[in-house]
Amino acid sequence: MALVAEFPSKENPLVKVYQRDQFGKPRFEVCWRAEGERKRKTFTDQEAASSLAQKLSKQIKSNSGRFHTITAAEYRLLEKAKQLGESEIDAALGKVSDLSHRCTVSELKDRFLSFYDHRAKRTRDDVRTRFAQIEDTFGDRYLDSITTHEIESWYLSLPVATRTKNNFLTIFTTFMNLARDWEYLPHDRTTAAARVRRVQTLKKEPGILTLDEATAILKTADITLLPYITLGLFAGLRPSESAGVIGERDGLLIRDIDLEKNVIRIRRPVAGKVGRPRVIDIQPNLKKWLSPLLNGDPDSPACFRTSYTKFSEANLAHEWKIPWTIDAMRHSFISYYFALTGEKGRTAQQAGNSERVIDEDYNNPRSKAEAEAWFSLTPEKVGRPLGRLGK
């Protein structure tokens, strides 16, 4: 079959005429589309075929008669629309009227990152690093085209620990929720990222130091680290509360430690976003450690800012051969304090967490005898002479 003519023109061929041979005689076939379907009519005379083709092209071009330049799928869609009725169509369109414009992930990146401008530098850097990986995969995608399945597949394939995977998903979910608030996604439904089911992490038993391990640390640690260490072991302070976070916030000041009233005040700026402002009782053995060490300017830090990095897991493993877990000093205080008092609420208040956390994470308490021995670890008991700590 050969194409012999196109109407109204080759640049805009609405109707085409083909020639083919049938039993040795020429036949001319006119082809066009109408009502969503392909139509054709065959002639023995080329002039008659061309005449119909010209007439059809004019009708189609002027959008008159029963001829329409739409596909079969479009025709079926129009039929469904007719069945729904105008009011139902208006209601459906109203549900997506909030989508004022479309945007790719990369195009919305700067606005999303600026949302964290008021947050701590460490948080900003973390969000920026994680979002860079999100952008590597989805950067050129329109937000409303990304599916839950795609996000879930990406999330599960990340070559990191489960907790880190969940941190990535949190950033992605926050990003898409903000995009919805900014009217880049429909406001009346959950986002694709929010529908991804998270993998649950398995909680580990908190690392708890033994009396011998604590004694070895207290006996040989650098004297400049002793305020940091003893505040962790005998008051349960978080590292960020004791020494602060470099570039973000200050830690405990000497004036926050009242040795006369035997209390430590954790102010809100010191507690940070994960802790709670609170007043902690100073145990008698902790007072003996702090009294000779903290005699400086009341507005001076109680601990050196570099304490956290100096008192690291690597150093502990090298110097004391102690297998270390994160916040082992704090975990030890909570476990021994709970064993000493037997009071869940009081323990939670001192530690700055909740009774639920005590129930879930500290259900393997030490004996009361061990607890009493723990809070009797004084400089004299471990054989550690102390001098005045200059800052």
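This text follows the structure it describes.
Residues numbered from 1 in each chain as written. Predicted model: local features only at pLDDT ≥ 70, side-chain atom pairs only at ≥ 80, totals over all residues. Heavy atoms only, no water.

It is worth spelling out the overall build of the protein chain at this point. Counting its secondary structure elements, the protein chain contains 19 helices and 7 strands. Taking all contacts inside the protein chain whose residues are at least 6 apart in sequence as the whole, residues at least 24 apart take part in 63%. Carbon together with sulfur atoms contributes 50% to the accessible area of the protein chain, which is approximately 22,200 Å² in total. (Helix = DSSP H or I, 4+ residues; strand = E, 2+ residues; numbered from the N terminus. Contact = heavy atoms within 4.5 Å. Areas by Shrake-Rupley, 256 points an atom, 1.4 Å probe, with all protein chains shown as cover.)

Summed over the entire model, instances satisfying the criterion amount to 14 salt bridges. Its salt-bridge partner being D144, residue R102 comes within 2.9 Å of it at the nearest N-O pair. In this pair, R102 is assigned in the loop between α3 (86–95) and α4 (109–114) and D144 in the loop between α5 (121–138) and α6 (148–157), connecting sequence segments 42 residues apart. Under the relative-accessibility criterion, R102 is labelled partly exposed at 48%. Since its relative accessible area comes to 36%, D144 is described here as partly exposed. E135 is the partner of K109 in a salt bridge, and the nearest nitrogen-oxygen pair spans 3.3 Å. One end of the pair, K109, is in helix α4; the other, E135, is in helix α5, with 26 residues separating them in the sequence. Here the residues in one salt-bridge network are R20, E29 and R40, joined through shared partners. (Salt bridge = Lys/Arg side-chain N within 4 Å of Asp/Glu carboxyl O. Buried < 20%, exposed > 50% of the residue type's maximum accessible area, 1.4 Å probe, protein only.)

Okay, the environment of P301 next. Locating P301 in the fold gives a position in the loop between α12 (284–290) and α13 (307–310). Residue classification places P301 among the partly exposed residues on the basis of a relative accessible area of 38%. Sequence-wise, P301 and I254 are 47 residues apart; in three dimensions their C-alpha atoms are separated by 5.9 Å.

Where helix α9 (residues 226–235) contacts helix α15 (residues 328–341), the two axes come as close as 6 Å, and the packing angle between them is 35°. Across from Y228, I229, G232, L233, F234 and A235 in α9, the residues of α15 making contact are M329, R330 and F333. (Axes fitted to C-alpha atoms, helices over the stretch in contact; angles between N-to-C directions.)

Before going further, it helps to spend a moment on the packing of aromatic side chains. A complete count under the given rule lists 16 aromatic pairs for this structure. Measuring from centroid to centroid gives 5.7 Å for W154 and F172, while their planes differ by 85°, and the two rings are edge-to-face. Here W154 is found in helix α6, whereas its partner F172 is found in helix α7 (residues 162–181), with 18 residues between them in sequence. Residues W154 and F172 agree in their burial class; the two are buried. An angle of 85° between the planes, with centres 6.0 Å apart, marks the rings of F333 and F375 as edge-to-face. Of the two residues, F333 is situated in helix α15 and F375 in the loop between α18 (368–374) and α19 (379–382); the sequence distance between them amounts to 42 residues. For F375, a relative accessible area of 10% translates into the label buried. (Phe/Tyr/Trp six-rings, centres within 6.5 Å; stacked < 30°, edge-to-face > 60°.)

The next subject is the sheet that holds strand β6 (residues 263–266). Taken in spatial order, the 3 strands of this open sheet run β5-β6-β7, and their pairing is antiparallel. Strands with a single pairing partner mark the edges of an open sheet, and in this sheet they are β5 (257–258) and β7 (278–281). (Pairing = 2+ DSSP bridges.)

Turning our eyes to something else, we now look at the pairing of strand β1 (residues 2–8). Here β1 pairs with strand β2 (residues 13–22) via 6 bridges, running antiparallel. Within β2, the residue paired with F7 across the bridge is V15.

This brings us to the nonpolar core. Among the nonpolar cores identified, the biggest contains 54 residues, and L218, I229, L231, F234, I257, I264 and W374 are the most heavily contacted of them. Sorting elements by how many residues they give to this core places α15 first, with 8 residues. With near-sequence residues (within four places) excluded, I229 lies in contact with I217, L218, A221, F311 and M329. Counting residues in each nonpolar core, the second largest holds 30 residues, with L113, V127, Y184 and A193 among its members. (Core = buried A, V, L, I, M, F, W, Y, C linked by side-chain atoms within 4.5 Å.)

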